[in-house]
Amino acid sequence: MSGRLNTGIDVLDRKLEGGIPGGSIVALTAQPASQAELFLYELTATRGTLYISLDRTGDSVSNSIASAPTRTGDPTVRDVTGDAPLDNASKLVSALPEESNLIIDPADVLERQEPTRYRNFLNELQNHIYNTDGLAILHCLDGQNVPEMRDTTEHMADIVFQLETTVKGDRIENRLAVPKFRGGQALTDIIKLELADEVEIDTSRDIA
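So, a few notes on the structure that sits alongside this text. (Residues numbered from 1 in each chain as written. Predicted model: local features only at pLDDT ≥ 70, side-chain atom pairs only at ≥ 80, totals over all residues. Heavy atoms only, no water.)

Brief notes about unusual backbone geometry
Note the cis peptide between Asp105 and Pro106, where omega equals -10°. Looking at the element boundaries, Pro106 is found in the loop between β6 (101-105) and α5 (108-111). One non-glycine residue, Glu99, lies in positive phi territory at about 50°. Within the secondary structure, Glu99 is located in the loop between α4 (85-94) and β6. (Helix = DSSP H or I, 4+ residues; strand = E, 2+ residues; numbered from the N terminus.)

Next comes the structure, spelled out in C-alpha cells:
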C-alpha cells in the first residue's frame, strides 16, 4: 500500500496526516443543493479517475467538470443507466486500473437496490480498491428521502465525510466533519470550507 493521497485541500490533508490512505472507500454525505460536486471535481486532479454517474448523462458531467472554477483533471466519465445499475457499475469497477480514483455519483441509486446484492457490491468494491491501492468516493445525497441502506454504506466505508450547508445571515456556510476514519483518528473539530472558485478553508471569523 502507498502512503496518504492528497485531497487537494491543503489544511484538510494536514489534519488527515497527509491525506486519505490508499485503498480506502470514502462516503461523502452532502445535501443535494450543496456544492459538494466541486469537492469531487477537485479530486479528479490528483490522479487518474473513473467518474461513474448514476443520474446525469456522461456529457453533462464532463461539461460540468470542464467548466468548473476549481482545479480539475481529465477523468473518464461513464453514465450507468438501465435496470441493472449494480451489474453495470460492477463491470466498470472490475476494470479500474491500479492506483486510480473512483467516484460514484450519487451512490443513492445503488443503495436502493436489493440489500444483499448491494452489500456484495460494497464488499467487491472494497476488495478491488484495497488490492489496487485505489481510492473510492461514494457521493451520498443527504436529502429528504435517504435510502435505507445508507447505514450500510457508512458502516462499510473506511472514512466518512459529512458536508453540511447552511444559510447564515447573508452567507452560505459549508462545514465539513470527519466523524469516522478507520485506521486513523477522526477529526474532533469542524472544518469550514469555501466552495466557490476553489475548495479551500474558510478563515473568516463568525460574528456574534
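Read on, since the account is not over.
Digging into the packing of aromatic side chains
Counted by the stated rule, this structure contains three aromatic pairs. The interplanar angle of 85° and the centroid separation of 5.9 Å between the aromatic rings of Phe39 and Phe161 together place this pair among those described as edge-to-face. Pair noted here: Phe39 is in helix α2 (residues 36-43) and Phe161 is in strand β8 (residues 159-168), with a separation of 122 residues, a long-range link. Relative accessible area serves as the criterion here: at 4%, Phe39 is assigned to the buried category. On the basis of relative accessible area, Phe161 is assigned to the buried category, the value being 0%. Note on Tyr41 and Tyr51: the rings are 6.3 Å apart at their centroids and 45° apart in plane angle, and the pair reads as tilted. Separated by 10 residues along the polypeptide, Tyr41 in helix α2 and Tyr51 in strand β4 (residues 49-53) bring together distant segments of the chain. Each member of the pair, Tyr41 as well as Tyr51, carries the same accessibility label: buried. (Phe/Tyr/Trp six-rings, centres within 6.5 Å; stacked < 30°, edge-to-face > 60°. Buried < 20%, exposed > 50% of the residue type's maximum accessible area, 1.4 Å probe, protein only.)

Digging into α4
If you check which residues of α4 are buried, you get Pro85, Leu86, Ala89 and Val93. Within α4, the buried residues cover an arc of 90° as seen down the axis, which keeps them to one side. Seen from the buried face of α4, the exposed residues on the opposite side, beyond 90 degrees, are Lys91 and Ser94. Close packing links the buried residues of α4 with β4, β6, α5 and α6 (115-131). (Arc of directions from axis to C-beta. Contact = heavy atoms within 4.5 Å.)

Looking at the nonpolar core
Core analysis: the biggest nonpolar cluster contains 32 residues, and Leu12, Leu28, Tyr51, Ile137, Phe161 and Leu163 have the highest contact counts within it. Listing elements by their share of this core, those giving two or more residues are β3 (24-30), α2, α3 (58-66), β7 (135-141), β8, β9 (171-181) and β10 (191-195). If you tally residues by element for this core, the top one is α2, at six residues. The contact partners of Phe161, leaving out residues within four places of it in the chain, are Leu12, Leu16, Ile20, Val26, Ala27, Leu28, Thr29, Phe39, Leu176, Ala177 and Val178. Listed in part, the 26 residues of the second largest apolar core include Ile25, Val80, Leu110 and Ala157. (Core = buried A, V, L, I, M, F, W, Y, C linked by side-chain atoms within 4.5 Å.)

Topic: the pattern of salt bridges
Applying the stated criterion across every chain yields a total of nine salt bridges. Where Arg150 meets Glu111, a salt bridge forms, and the shortest distance between an N and an O atom there is 2.8 Å. A residue pair is termed long-range when its members are at least 10 positions apart, and Arg150 in helix α7 (residues 150-156) and Glu111 in helix α5 qualify at 39 residues. Pair check on accessibility: Arg150 and Glu111 agree, each one buried. Put simply, Lys192 and Glu173 hold a salt bridge, and the shortest N to O gap is 3.9 Å. Here Lys192 is found in strand β10, whereas its partner Glu173 is found in strand β9, with 19 residues between them in sequence. (Salt bridge = Lys/Arg side-chain N within 4 Å of Asp/Glu carboxyl O.)

A word on the packing of α4 against α6
Put simply, α4 and α6 touch, their axes get as near as 11 Å, and they point 5° apart. The angle between α4 and α6 falls in the class roughly parallel. In contact with Leu86, Asp87, Ala89, Ser90, Val93 and Ser94 of α4, α6 contributes Arg117, Tyr118, Phe121, Glu124, Leu125 and His128. Considered class by class, the residues forming the contact of α4 with α6 number six nonpolar, three polar and three charged. (Axes fitted to C-alpha atoms, helices over the stretch in contact; angles between N-to-C directions. Parallel < 35°, antiparallel > 145°, perpendicular 65-115°, else oblique. Nonpolar A, V, L, I, M, F, W, Y, C, P; charged D, E, K, R; others polar.)

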